[in-house]
Structure formats: C-alpha cells, structure tokens
Number of protein chains: 2
Amino acid sequence: MSWAFWPIVSIVLSFGAFAIGYYFYRYLVGLPSANEEIDRFGRLIREGAMAFLRTENKVLARFVVGAAAIIVLFVPPIWKTESILGNVAMGITYIFGAVFSGTAGYVGMRVATVANVKTASAAQKGLTHAYRAGFRGGAVMGLAIVGSCLLGSSVIYLIFPNDPNYLLSFSFGASSLALFAKAGGGIFTKTADIAADLTGKVELGIPEDDPRNPAVIADNVGDNVGDVAGMGADLFDSNVAAIAAALVLALDLKQAPFIFMASAMGLLASMIGVFVSNVKEGKSPGRALNRGTYITTGLFFILTLAASLVFKFELRLWGAAMIGLLAGTVIGFSSELFTSDEGKRVKAVARISQQGPAFTILAGFSNGLLSSFPSLIGIAGAALGAYKLCQPLGGDYALYGISLAAVGMLSIIGMVTANDAYGPIVDNVRGLSEMSGLGEEVLRVTDELDAAGNTAKAITKGFSIGAAGLTVIALLAAYHETLTNILGQDILKGFDILDPLVFFGMLVGVGVPAVFSAMLMMGVNRNADRMVNEIHRQFDEIPGLKEGKPGVEPDYNRCIDIATVGALKELLPAGIMAIGVTLLVGFIGGVYAIAGYLAGNIMSGVLLALLMSNAGGMWDNAKKYVEAGHFGGIGSEAHKATIIGDTVGDPFKDTAGPSINTQITVVSLVSSLAAGLFAAFSLFG
Amino acid sequence: MSWAFWPIVSIVLSFGAFAIGYYFYRYLVGLPSANEEIDRFGRLIREGAMAFLRTENKVLARFVVGAAAIIVLFVPPIWKTESILGNVAMGITYIFGAVFSGTAGYVGMRVATVANVKTASAAQKGLTHAYRAGFRGGAVMGLAIVGSCLLGSSVIYLIFPNDPNYLLSFSFGASSLALFAKAGGGIFTKTADIAADLTGKVELGIPEDDPRNPAVIADNVGDNVGDVAGMGADLFDSNVAAIAAALVLALDLKQAPFIFMASAMGLLASMIGVFVSNVKEGKSPGRALNRGTYITTGLFFILTLAASLVFKFELRLWGAAMIGLLAGTVIGFSSELFTSDEGKRVKAVARISQQGPAFTILAGFSNGLLSSFPSLIGIAGAALGAYKLCQPLGGDYALYGISLAAVGMLSIIGMVTANDAYGPIVDNVRGLSEMSGLGEEVLRVTDELDAAGNTAKAITKGFSIGAAGLTVIALLAAYHETLTNILGQDILKGFDILDPLVFFGMLVGVGVPAVFSAMLMMGVNRNADRMVNEIHRQFDEIPGLKEGKPGVEPDYNRCIDIATVGALKELLPAGIMAIGVTLLVGFIGGVYAIAGYLAGNIMSGVLLALLMSNAGGMWDNAKKYVEAGHFGGIGSEAHKATIIGDTVGDPFKDTAGPSINTQITVVSLVSSLAAGLFAAFSLFG
C-alpha cells in the first residue's frame, strides 16, 4: 500500500469532521432564543471575547512573524544551509502551525458563544434539549481542533515525507501560539473571575452572576477566551507535538503510516462518539458525557485493531498505543478521585474548612501534592510498558513505542475536547439564565448541566497533563534522534545523569516551570487587584448601581478592557522567559545540558501542573459542596473559607497549571529545532 | 604524614568543642533567674520537651533496632557475606549513628531550655547580656552537633579505613533518626502553634503568649523539640552524609585526609567564631549574628588554605570546597532576599493582603516558586564548577570535587547551627517574659533579639537545603561508585535518561517528596484540629479561664499530650513510605531505576523544600510587618489575611519543607547501602 494512503485518509476524515462541525453549528443557529435580554447579554459576551482574541492575535502575529524570521535565518543557519528555500519553507510551516491552531480556537470559541445563548433557551424545553445544544457546541471545538491538526500534519507530511523538521516547525508554531493563548486567556479569565467573586460574593453578598456586578460580563468572556479558546490551543498543540515526535522516530523505521492510521481512527471514533452522547429527561448528564467517552474509546480500540490486522501493522505498535490510552484513562480517573464533589477527599476539605481558611488551603494543597503520585506512576508505567513492548522489534522501536503511547493517549482527543468545551459553555449558560431572568426551573436544569461539566473538566485536565508528559518524553527521544542525525551515532554519548552538564541542565530545567507559573499567577494577582479597584470605583460613582435600581447599568466594557490590557501585558514575559532560558542553557551548556534541562523541565512541569490543577479543582468543588447546604451552607464560616480556597485555586487550575503543559512542549520543540545550533555553538558543550 | 593524622586532629577538636559547650552551659547555669514564675514556666517547658523526646525516642529505638537487624541480615545478605562480624559491625555503626545524632539533639535542646529562662532574666540587664546568653545557648547545640559528627566519623574511619560502607551505615543511622525527629518535632510544634494562634489570637484576640491559653506551653515546647532538637538532627545528618559521600569517592583516590582536614578546620573556625559573636548595647543583634558568620567563613578560608599549602593538598580540591562555601552563601542570601521583612517582596505580600487572604496566599506561593530559581542555579553552578575545577586531576576527581563542594558548604555548620538554634531560644524568651510579667522594657529587648533570629533562620534554611542538595548529588555519585565496585566498570553503563528504567525511576522519584510532605502537612492538620477542640473544651468547662480570673489555670498537660500522641502517630508513616517506595523501585526496576529515582527525588525535593521554606518565611514576616503598624496594623483586614498566610506557612516552613532535606538524604543512603541487593535481585533490572 502507498505510504500516502493513511495521510490521505486523514485529510478526507478531517473534512468530514469539519462538515459535522458545520452541521452542529447550523443546528445551534436554528434554535430559538428565549428572550431579547439573553440575546443582548450573549452578544456582549461574544463581542468581548472576539475583541480580546483580535487584540491578542495582533500581538501574537508580531511574535510569530519575528520567530518565523529567526527560523528562516538560523534553522539551519542560512549561510550554511543546503537550500535557502528549505529555510523559507520552515518559516512558512511555523506560521501555518500558529494560524491553524489560532483558527481552530477562534472558530470553536465563536460557536461556543452562540451555543451558550441557545442552550439557555433550550433549557426551557428540558434537560435533553439543553444537553444536546451545550454538548454540540463543545463538539464543534473538538472536531475543529482534531480536524485541523490532522489536516495540517498530513499535508506537511505529504509534501516533505522524509524530513520531520517541517512537522516539528509546524508543531512549534502551534505550541508557541498555544503558549501565549493559554497564558493570555488564563490571565484574562481569572482576573475577571476573582475580581467578580471578591467584590460580588464576598463584599456585597450578591449572587455570582448578578448583572449589577461590572465584572460579570468580563467573567463570562473569560470562560470563553481562557477555557474554550486557550484550552483548545493547548490540546491542538499536544496532539500535533505527539504526532511530530512520533514521526521523528518513525521515519528511519518506515513506520510513519501507523501514526496517521491511529490518529485517523481516533478522529473517526470521535465523530461517531459525538452523535451518541445524549441524555434522557431525568438522567444524569455526567453519565452521558462518560458514555460518549467510553463508546469513543471502545470504537478506537476496535477500529485500530481491525486496521492493524487488515493492513498488517505490527501488533506491538498497536499495543503501545493502547497502553497510552489506558494510562490516560487511569490518570483521568485519579484526577476525578481527588476532585469529584462526590468523593470523600473533597468532603474532607469542606469539613475541615469549618476551622478556617488556613485549613482549607493546607488540606487542598496537601491533597494536590498527593494526587500527583498516581499520575506520575501512570506516565512512568506507560512509558516503560510501551518501551518494553516494542523493544523486541529491535533498534529504535522501543523509543518509538513511547511516542506511540502518547499518540494513543491523544487519539480520542476529539471527544475529550468536546467534553471539556462543554464545561465553560454550560458555565456561561448558568450565568446567562440568571442575568436574563429565565426562572428557577431553567436554573435547576443549568445547575445539573454545570455539575457534570466540572467533573468532565477535571478528567480532561488530568488527561491533557498526562498526554503532555508522555509527549515530551517522546520529544526528548526525538531530540536524541535529531542529535544522532546531526552528530552521528559514534560521537553522541548517552545523557548520563552524572555528566555534570546534564545535571546542571536538569537543575535549571526544574526551576523553569516554577518561575513560569509564578509569573502567570503574579500577573493574575496584579491584574485582579486593578479590576477590584475599578469595580469599587463604579460602585462608588454610579448612583443606584449597588442597590440595583432599574435601568442603572455598570460599565461592563471598562472591566473587559482592564482584563484585556492586563492579560496582554502579562502574557509575553513568562513565555519569552521559558524560551530564553532554554536558548541560554543550550548556548552555554550545549546539547547535553539541554537533554538534562528537558528532563528536569518535564519532571517539575508535570508535578506542578498536577498539583495546581487538582488542588484548584478540589477547592472549587469543596466550595460547591458547602454551597449545596453542607457544614452550614452558604454564608457559614466553612463557606467563607472555601471561597478563599476557590479564589486561590482559580489561577492554580485555570491559569498556571494548564499553561505548564504548553510550556514544557514549547521548550522541548525549541530544543529539537535548535539542536543543530547548540551542537555547533556552545560555551561548555 | 600518616593517613590517621587528620582524623585524630578531628577527634581532638571534637573534645575541644565539647569543652567549650560545657563551659557555655556552666555559664548559663550560673546566671540568675528573674523570678519564681519564670522558673516555673521554664520548668514546664523543659519537662514537656524532655517528656516528648523520651516518648519519641522509645518509638524510634524500636525502629532503629529493627532497621539494624535488617542491616545485619541483608547488607550484604548474611548467607553470602564474607564476614558475619562485618555485618554485625554494620548494624552497630548504624545504631551509633542514630544514638550520636539523638544525643547531640537531646543535649542541645536541654541546654536551650535552660538558656531561654536565663536569657529572659539577662534581658533585665540589657541587650548585651541577653544576646550573650541566648547565643551561647544556641552555640552549645552547634558545637555538640559538629563535635559529635566529627568524632563519630573519625573513629569509624580509623577503625575501617578502607571500607566506606561503615560510615554510610553510621550516616544512615543519623539520617533515619533525623527523618523521624524532624517529622515528629515538626508536627508537634506546628500542631501547638497553629492551635494556639487560632484559638488565642484569632478567636479571643488575646496576645500570642497569654498564659490563659491551654496550648501556650505546648507551643513553647514545640519550639524546642521541633526547631532545636529536630533541626539539630537534620544538620547533623547532612554533615555526616556529606562526609560519607566524599569518603566513598576519596578512598580510591587516597584523598580521604582532605575531608577531615576541611571538616576539622571548619569546626575550629566555628569554635573561634562563637566567641566573637557579641553585641554592644544599642547595636543590632542581627549584625552580630552575621559578623560571627563572616568571621567564621573568613577563618575557614584562611585555615584551609594554609593547611592545604603546608600539608601539600591539591589546591583544586581546596577550590572545590570554596565553591561550595560560596554557593551556600549565595543561596542563604537569596533566601534572605525573599523572606527578609525589610525586603520589598515581603512588603508587597503585606500590601496585597489588604485585598484579602486569597491574595496573601497567591503572592507568597508565587514568590516561593520564584525563590527556588536562584538556589537551583547556585546548586547547579556549584556542582558544575567543582566538577570542572577538579576534572584536570583526572579520573574520579571530578565527582570527588562535587562531594567536596558539599563538605565545604557544610564545614561552617557549627556556626550556622548556633545562629539557627538562637532563633527558637529567643522566641521562647519572648514568650516566657510575657507569661511571667517581666515588663515592657524586657519585652522590647526580647523583640529585638527575636527579629534577628527570624532572619538568621531564613538564611540557615536556605543554607541547609542547598547543602542537602549538593550532598545528595554527591551521594548519587557515591552510589555510582558503589555500583562500580560491585558490578565492575565494564558491566555498568551510564545512567542514561533515555533508558526507560532510569526514566521510570525518575518520575516515581519526583513524586515521593510531594507525597512525603503532603503526609506531614495532613498530620499537622489533623492534629491541630484535635487540639483546637481540646482548647474549646477547656474554655467552656473551666470557669473563669477565658476571663483570666486569678488562680485559674488551664490544663497545659492535656495539650502537650495531644501534640505528643498525635506527632508520634503521624511521624512514622511518611518516613516509612519514603524508604518503602525506594526499596520497591529498587527491587522492581533495579539499579538503573534507582539512579533515576534518586535524581528525580533530588529535583523535586529541592524545589519543594525551597518553595515551602521561603513561602512560609515570607508569610511569617509579612504578618510581622503588618503587626509593626503597616497597612492598618494589628486587627486590620491585612492583619487577618496575613495571619491566615502565616498559619498556612507554619507547616510549610517548619514541618514539611525542612523534613524534605532529610527525606532525600535518607533515600540516597538507603540506595547506596542496598545497591548490592538491588543489583542481585530485581524484577526488570
């Protein structure tokens, strides 16, 4: 069979995914709106979100063009390159990566801001309709992400079938966009969320989505730019990075078709899965989300097994992909175990909160630390298992096995993203229903939708951190492969941890995710501080606002502006720091220091990402558990303490934690791309 | 010159140190007490502390005997050993290590509980007298620790000059005692501290050391068992581990005398240093502490340089030790930069606390993450620098250089410990003066003493984490050396991070310090919860207690009991988990997995220890800054927020953070000792 068969199948399936996405979009547009008020608020959110994305993209466009210029000039150095055209093509694939990732996020978010209004309205007809609208809104994101990822990767592979650098460059484009989109969106959303909570819930005692609060629209905008668009860019980036890393290792083995087969089957399984995820009146939407995932997973298992048998792929390769899938599931469920509001750990955090907020923080933080362990074991076990399984095939197959575990874990990402994007959509739905007065019955439905979204979100986060972990292990192997090609097998030693350069790199690498996440959280802190002051100003200066006098409205746009300006100011430094330190380590310590650096970066990155995501999730759900009437319910000491916990958890779980994923991927890709430069120029290397 | 010269000098100097310690003790005993009340409270604290230590030691004795039996049976397996006597000797050196460490801590703490009463009384005569009493109390601890460490190491080396395993076993004895002493003491002290603060300061609004509070004696006992005895065991352990690791690498090179020379000169420098640390009336005690350190450091520099020249040691070895000393200083000062209450970062945390406790937590946590970076760079730079400096000497000299950097950093530990133990002593002094009504003038003096103690403590913590980091790097090299001796140079490959077993070990290793510290903090949380309930019970059931009716006294002993029982219940599981996972990884993954495991453990251990210690220090000092009258002062919103921050920081900086040091050392020593077992029996290795 032609080597081009599976990439072409992938392209065909991508267009199929786009078609389904478009069908869902038309479905949503065709639904009625409940009243004019909700349309107005929906429009405010959509316009705010789009305005932010446009401004952000202008800033990022400059960065992307600058980075592309550097790639054209230096990868490889243009005065030593074999073909200047090749350098230009590298720059172009980089830009394509950024544009594809950005476009998928943009489309997904636009649809999400339509879906929220329509879902709120559908909630008047009951759970079944509301769930379908909300889920289909999320599914567009999932299909857009995976479709454009596969489309881009396949086309680049078809054009440059023998040089993985172009796909690495495409992947780096996607990652660098994701790095900033995730950071910028994460800062925006938590700025607004924290400021709205502190001034509304805590100071005034008004409900979360009260339209009197000047930050309420910014808060809902944030859900879209942070949790939908940012997260979409993040998953796009992991997916394409996994494919790129696998391709680097596959080429010499002539096993590239397997990667596209697995990815294509994953997309097909997701395309079927999104149609069967439905809920009957009176049933649990959480179960429906899970059922969709199970069915997708099962289909993926069967489809890939069948394809492996029919097209005579090595079954060990298939096994490696399945190991990854299994590890993803284990990690997802361990996240759920720690963060589910049904679980005893969340209840224990809620209980001890009666003694005050310090106990809330300590309990959540300790549990966050604990929660990292099963996931670390899961990643470690998957890497070891896939390696050992493929080792008998000889040579580089063992490392290729690890990269396939990452591909396998990410293959059902279409469905996972759909579930995840469902979360912020239904979160918005709740807010919109409250703001536009759709009544108690609708709120009951939206609450049910929302609770399911939270659990789905926790699972996805575990999943995406696990996937990023395995992907960067694969990228480390890809880096080694790239170096072997540059330096030759004989010159390259192993990356011995007792080599002082490797060790040096490792210690520096450990520090980078810490500094990176600190910078983002400090950005949120500063920005939220500014917004709180603005809200106080509005309450002081706009007469009748606090009291809710009819016709008096806050200046929503000022808050959106503050969040936007602040996010744009804070989003570049952290990302540039991460890339800059990588280059510094490379040019000082050389290729061995970079290997250690990547390992250290992965280690502390995965640890901190899991800690922050899971601790944040626990605090959020502990608050919800208290709000459901336990330990004194709303207004009690336990409630106040859990609100403080939740506020701390917000930038943990929605800004810093998930951005670390992208940071470790970006750093790994930079290292692979710049490997030749580090090998040629370095102080100690 | 005889190989035994420097060990003998070390032994002579140890006895000199003991003599000075005894002289200081007699000096303290000779000082008068201010009144009967302070003697009574002092006795309560001393008895509580001694009772805790006795009970703890009974539990630990069982563990130590059990572990010694395992060592006798399996290290090496008794059915394969060349000499059963050797195995028995290994067990005995292990017990000696534990006993030496425990005794030094016990003596130091006993003296500290005398020094606190006498210092409070000396404060009536002014700052000069009070400082001398407080500092000399701490100096006894420093001299006892370093003296007994050198004595034990030298004697064992003289008896077994060619087999470093006995010193490793001695070191493991010291470390396993330290692991539990630090954890147990840390849980005890923070249980009492948090419970006393929450019920006293927060609920009732009474001062920190009000005798009405049933937890007030337990709180002061905690300072002694946690910060004096526990910390002493910790530093003893780092010191002996550094010497043991260096010895493993030195033996083949015939360079062992240098280690004892450097350690002996360090002790000599500290012995002089403790006499010149004095303060004039109206001058700053903080400066006096620093001056003592500078003088000791300068003396150490000169003495070791002179000895190297006179006794013809390689100057590159001397240089490696100096690199370590320099790195220690850099790390110490970077800790100070982040945690000093004069610094702008602490002030910024205090300022943003006006917006509420969530901001306090986020700001401190972010800064804690940031603060890890300079120290990581310092450790990485010291290791790389020492390696490169000694590389021209050939062979294993390069790795030996790293171990000498650790020895160099720890050489002035006598002085550092003296400064550190000064902290909890003067903290107690403040409490005692308040409880026994020594008046405003005395409180002014004790406040000045206390502020200096806090800064010294922050520097020491940075120092001891840095030292532990370098020591475990040296232990990793020692582990490699041990394996080379067991397996032979030809069989042993490097520890390649792309070896899946190494990588597997690394990911598991990363998780262990996280789980370990989580377990300790959860222990504090649970235990403090119990004590808060007991205090509430006493306030409810003892009539007149809350109101401070004369003659009515709380039941102090019940609180001490709760802290003791709780600490003993919580101290074993975390330590056993760490040792158990190490053995599991070794017996499953074999020697390569263990190498990765150690590297991962060091990485996340150093990161988490720095994060927790520095964040905790910042919160503590931000509170003090607000209490000094800034941002509304005592009772303001900022004050309430910083109290919550401080409460979170308490187990961070005094329980979990510093215990991680010991955890990584223990795990490294277990690995070196069990290397032979892992090489012989493992599932995948």
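Residues numbered from 1 in each chain as written. Chains lettered and ligands numbered in written order. Predicted model: local features only at pLDDT ≥ 70, side-chain atom pairs only at ≥ 80, totals over all residues.

## Re the overall build of chain A
Secondary structure assignment for chain A yields 18 helices and 0 strands. The C-alpha atoms of chain A give a radius of gyration of 24 Å, which matches the 26 Å a tight globule of 685 residues would have. Oriented by its inertia axes, the alpha-carbon framework of chain A measures out at about 75 × 50 × 45 Å. Taking all 685 residues of chain A together, 68% fall into the buried category. Long-range contacts, defined here as pairs at least 24 residues apart, represent 86% of the contacts in chain A between residues at least 6 apart. (Helix = DSSP H or I, 4+ residues; strand = E, 2+ residues; numbered from the N terminus. Rg over C-alpha atoms; globule rule 2.2 N^0.38 Å. Buried ≥ 20, exposed ≤ 12 C-beta atoms within 10 Å, placed from the backbone. Contact = placed C-beta atoms within 7 Å.)

## Focus: the relation of the copies chain A and chain B
Superposing chain A onto chain B takes a rotation of 180° combined with a translation of 0.0 Å along the rotation axis, leaving an RMSD of 0.0 Å. What we have between these two chains is a two-fold relation. Residue A:Asp496 of chain A places its C-alpha closer to the rotation axis than any other residue of that unit, at 2.2 Å. When the interface residues of chain A are mapped onto chain B, 100% of them again fall at the interface, so both copies present the same face. (Least-squares fit on C-alpha atoms with pLDDT ≥ 70 in both.)

## Overview of the interface of chain A and chain B
Contacts between the two partners involve 58 residues from chain A and, on the opposite side, 58 residues from chain B. Counting residues per element, the ones that place at least two in the side of chain A that touches chain B are α11 (357-390), α14 (440-487), α15 (500-541), α16 (556-627) and α17 (637-673) of chain A. Residues belonging to the side of chain A that touches chain B are distributed by class as follows: 44 nonpolar, 12 polar and 2 charged. (Nonpolar A, V, L, I, M, F, W, Y, C, P; charged D, E, K, R; others polar.)

## A closer look at the packing of helix α2 (residues 36-74) of chain A against helix α3 (residues 84-122) of chain A
Residues and elements named next belong to chain A. α3 packs onto α2 with a crossing angle of 170° between their chain directions and a minimal axis gap of 10 Å. Judged by the inter-axis angle, α2 sits roughly antiparallel to α3. For the contact of α2 with α3, the class distribution of residues is 18 nonpolar, 8 polar and 2 charged. (Axes fitted to C-alpha atoms, helices over the stretch in contact; angles between N-to-C directions. Parallel < 35°, antiparallel > 145°, perpendicular 65-115°, else oblique.)

## Things to note about unusual backbone geometry
Of all residues except glycine, most have a negative phi; of all peptide bonds, most are trans. All names here are of chain A. Residue proline 76 follows valine 75 across a cis peptide bond; omega there is -15°. Within the element layout of this structure, proline 76 appears in the loop between α2 and α3. Positive phi outside glycine occurs at phenylalanine 631, with the angle close to 50°. Inspection of the secondary structure puts phenylalanine 631 in the loop between α16 and α17. Taking the C-beta count within 10 Å as the criterion, phenylalanine 631 has 19 such neighbours and is therefore assigned partly exposed.

## As for the nonpolar core
For soluble globular proteins, the rule of thumb is that nonpolar side chains tend to be buried together. Counting 535 residues, the largest nonpolar core has A:Ala246, A:Ala383, A:Ala405, B:Ala246, B:Ala383 and B:Ala405 as its most contacted members. Ignoring anything within four residues of it in the chain, the contact list for A:Ala405 reads A:Ala320, A:Ala321, A:Ile323, A:Gly324, A:Ala327, A:Ala382, A:Ala383, A:Ala386 and A:Leu470. (Core = buried A, V, L, I, M, F, W, Y, C linked by C-beta atoms within 7 Å.)

## Focus: the packing of helix α3 (residues 84-122) of chain B against helix α4 (residues 127-159) of chain B
Residue and element names in this part refer to chain B. Contact pair α3 / α4: the axes reach a minimum separation of 8 Å and the direction vectors enclose 170°. Here α3 is positioned roughly antiparallel relative to α4, judged by the angle of their axes. In terms of residue class, the contact of α3 with α4 is made up of 15 nonpolar, 10 polar and 1 charged.

## Overview of α4(B)
Over its 33 residues, α4(B) runs 47 Å from end to end, which matches the ideal 48 Å to within 8%, given 1.5 Å per residue. Of all 33 residues in α4(B), 28 are buried; the element is thus mostly enclosed. (Expected span 1.5 Å × (residues − 1).)

## Description of the environment of B:Arg46
All names here are of chain B. Note that arginine 46 resides in helix α2 (residues 36-74). Arginine 46 sits in the buried class, given 20 other C-beta atoms within 10 Å. With 133 residues separating them along the chain, arginine 46 and leucine 179 place their C-alpha atoms 23 Å apart.

## Overview of the confidence of the model for chain A
All names here are of chain A. Summary statistics for chain A give a mean pLDDT of 91 and a share of 100% for residues scoring 70 or more. Put simply, α14 is where chain A has its lowest mean pLDDT, 85, and helix α1 (residues 5-30) is where it has its highest, 97. Interface confidence for the predicted complex, given as ipTM, is 0.93, next to a pTM of 0.94. (pLDDT = per-residue confidence, 0-100.)

## Focus on the environment of B:Leu669
Residue and element names in this part refer to chain B. Note on placement: leucine 669 falls in helix α17 (residues 637-680). Owing to 31 C-beta atoms within 10 Å, leucine 669 belongs among the buried residues under this scheme. Linking leucine 669 and alanine 115, residues 554 residues apart in sequence, is a C-alpha distance of 35 Å. Residue contacts for leucine 669: discarding those within four places in its chain leaves Leu168, Ser171, Phe172, Ser175, Ala241 and Leu475.

## As for the environment of A:Ala514
Topologically, A:Ala514 is positioned in helix α15. Sequence separation between A:Ala514 and A:Ala609 is 95 residues; the distance between their C-alpha atoms is 9.8 Å. Once you skip the residues sitting within four places of it in the chain, A:Ala514 turns out to touch A:Ser604, A:Leu608, B:Leu369, B:Ser372, B:Phe373 and B:Leu607.

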